[in-house]
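Analysis of the macromolecular model
Next come the chains, spelled out residue by residue.
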Amino acid sequence: MCGMGTEEMLRAAGIGRGDEVVVPAFGRADVAGAVVAAGAQPVFADIDPHTYCLDAEAVAAATGPRTAAMVVVHRFGRPAPMWRLRAHGERHRLLVLEERDAVGQPAEVTERRKAADHLDQRLRGVATPERDREHTYTQYVVRVPGNGRPDRDAFARALKARGVACSVPVKTPLHRTADHWRDIRLPATERAADDTLALPLVPAGERRGLHRLVSACNALGGLLQPA
């Protein structure tokens, strides 16, 4: 972001008290925190369930007379639909800011894509990431079918018991936290927080590690059926 953080860019644009800034509830608290630090009010919009980034229609629904900006966060290496979001911003004269993951060197991205392709073709019983030629796979995030958080957490515990590292990328959406509580429903955000799981992207050259990951996931995936 050109050496400036979200708070600094909002302040530089004159956005502060009395203004609203649309942000995702699925992700880090520092984005909403930067909006608050600038003196503005964060307004949470839902995400696209495939990209995990802000959904353009949800942003439009969240835009009101006090809306001055939006902060788009690219998630897990998957880019947000910036052309649609920028078009909305232009129509409503909104400042559009972007937060990106640290992607790494081209060789690292190539290696991650190879590993992701291997997993895409072999994993069963979990929903793999939707393919996108621009995806850099800073995290490899799957969805665990079944009954949401209980089954996802049980799946994660079983993987860890088999020696496979994994993590829940977003444990609690921001609109359900004490600092940013809102009495709203964000269905795609809430579902993603309940059933997503980040799997390790073992380098494609380490066939034994990839095989162990695939075998562990596939052995467990067959036990879970979509609700």
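About the cut-offs
Along each chain, the written sequence defines residue order, and numbers are assigned to residues from 1. Given that the model is predicted, a residue must reach a pLDDT of at least 70 before its local features are reported, and side-chain atom pairs must reach 80 or more before they are shown or counted; all residues, however, enter totals for whole chains, interfaces and linings. The basis for the side-chain values is all heavy atoms of the structure; hydrogens and waters are excluded. Each helix corresponds to a stretch of at least 4 residues labelled H or I by DSSP, and each strand to a stretch of at least 2 residues labelled E; elements are numbered beginning at the N terminus. In this treatment the radius of gyration is a C-alpha quantity, and the globule benchmark scales as 2.2 Å times the residue count to the 0.38 power. When accessible area is computed with a 1.4 Å probe and restricted to protein chains, residues below 20% of their type maximum are described as buried, those above 50% as exposed, and intermediate ones as partly exposed. Any pair of residues with heavy atoms lying within 4.5 Å of one another is described as a contacting pair. Note on areas: Shrake-Rupley, 1.4 Å probe, and residue coverage restricted to the protein chains presented here. Just so you know, the count uses Lys and Arg for positive and Asp and Glu for negative, and it drops His and the chain ends. In plain terms, the charge of a residue is placed at NZ if it is Lys, CZ if Arg, CG if Asp and CD if Glu. What makes a salt bridge here is a side-chain nitrogen of Lys or Arg within 4 Å of a carboxyl oxygen of Asp or Glu, nothing more. Here a Phe, Tyr or Trp ring, Trp counted by its six-membered ring, pairs with any other such ring whose centre lies within 6.5 Å, and the pair is stacked when the planes are under 30 degrees apart, edge-to-face when over 60, and tilted otherwise. Whether a charge lies above a ring is judged from NZ of Lys or CZ of Arg, which has to be within 6 Å of the ring centre and within 35 degrees of the ring normal. The domain boundaries here were taken from an automatic or database domain assignment. Buried area, as used here, totals the accessible surface that two parts lose on assembly, with accessibility defined by a 1.4 Å probe and the loss added over both. What qualifies as a polar contact is a pair of N or O atoms within 3.5 Å, subject to a donor-acceptor requirement within protein and to the restriction that residues adjacent in sequence count only when both atoms come from side chains. Classification used: nonpolar for Ala, Val, Leu, Ile, Met, Phe, Trp, Tyr, Cys and Pro, charged for Asp, Glu, Lys and Arg, polar for all others including Gly.

A look at the overall build of the protein
Looking only at helices and strands, the protein has 8 helices and 6 strands in total. Element order for the protein, N to C, with α for helix and β for strand: α-β-α-β-α-β-α-β-α-β-α-α-β-α. In terms of overall dimensions, the protein is globule-like: its C-alpha atoms have a radius of gyration of 19 Å, near the 17 Å expected for 227 residues. Along the three orthogonal principal directions, the C-alpha set of the protein runs to about 55 × 40 × 25 Å. Buried residues in the protein amount to 50% of all 227 residues. Of all intrachain contacts in the protein linking residues separated by at least 6 positions in sequence, the fraction that spans at least 24 positions is 67%. Entry remark: accessible area of the protein is about 11400 Å², with carbon and sulfur atoms responsible for 50%. Of the side chains in the protein, 32 bear a positive and 28 a negative charge, and the two mean positions are spaced by 4 Å.

Looking at the pattern of salt bridges
Two side chains with opposite charge may pair up if their charged atoms get near one another. Scanning all chains against the criterion turns up 15 salt bridges. D132 serves as the salt-bridge partner of R78, at 2.9 Å between the closest nitrogen and oxygen. In this pair, R78 is assigned in the loop between strand 3 (67–73) and helix 4 (82–92) and D132 in the loop between helix 5 (106–122) and strand 5 (140–143), connecting sequence segments 54 residues apart. What makes R78 buried here is its relative accessible area of 8%. Note that R185 and E190 form a salt bridge whose closest N and O atoms lie 2.7 Å from each other. Of the residues examined, E190 reaches a relative accessible area of 15% and is grouped as buried. In this structure, a network of salt bridges that share partners links the residues R28, D30 and E99.

Focus: unusual backbone geometry
A positive phi angle is found at R93, which is not glycine, with a value near 55°. Its identity as a non-glycine residue notwithstanding, Y137 has a phi of 55°, on the positive side. Look at Y137 and you get buried, because its relative accessible area is 5%.

Quick notes on the packing of aromatic side chains
Counted under the stated rule, the structure contains 4 aromatic pairs. When the centroid spacing of 6.2 Å and the interplanar angle of 85° are considered together, the rings of F26 and F76 count as edge-to-face. Here the residue F26 occupies a position in the loop between strand 1 (20–24) and helix 2 (29–37), and F76 occupies one in the loop between strand 3 and helix 4, the gap between them amounting to 50 residues. Taken together through their ring pairs, the aromatic side chains of F26, Y52 and F76 make up a single cluster. When the ring centre of W181 is taken as reference, the NZ or CZ atom of R176 above it lies at 4.9 Å.

Considerations on the domain arrangement of the protein
For the protein, the assigned domains read domain 1 (4–98) and domain 2 (104–220). Using only C-alpha atoms to locate each centre, domain 1 and domain 2 end up separated by 25 Å. Taken together, the contact between domain 1 and domain 2 spans 23 residues of the former and 25 residues of the latter. Contact between domain 1 and domain 2 buries roughly 2000 Å² in total, counting both sides, with carbon and sulfur atoms accounting for 60%. It is F44, F76 and R78 in domain 1 that bury the most area against domain 2; as a group they hold 32% of the surface buried on that side. At the boundary of domain 1 and domain 2, one finds 2 salt bridges. Of the charged contacts, one joins R78 and E130 as a salt bridge, the two residues approaching to 3.5 Å between their closest N and O atoms. In this assembly, domain 1 and domain 2 are joined by 12 residue pairs in polar contact (both at pLDDT 80 or more). Broken down by secondary-structure element, the contributors of at least two residues to the side of domain 1 that touches domain 2 are helix 2 and strand 2 (41–45). Residue composition of the side of domain 1 that touches domain 2, by class: 14 nonpolar, 5 polar and 4 charged.

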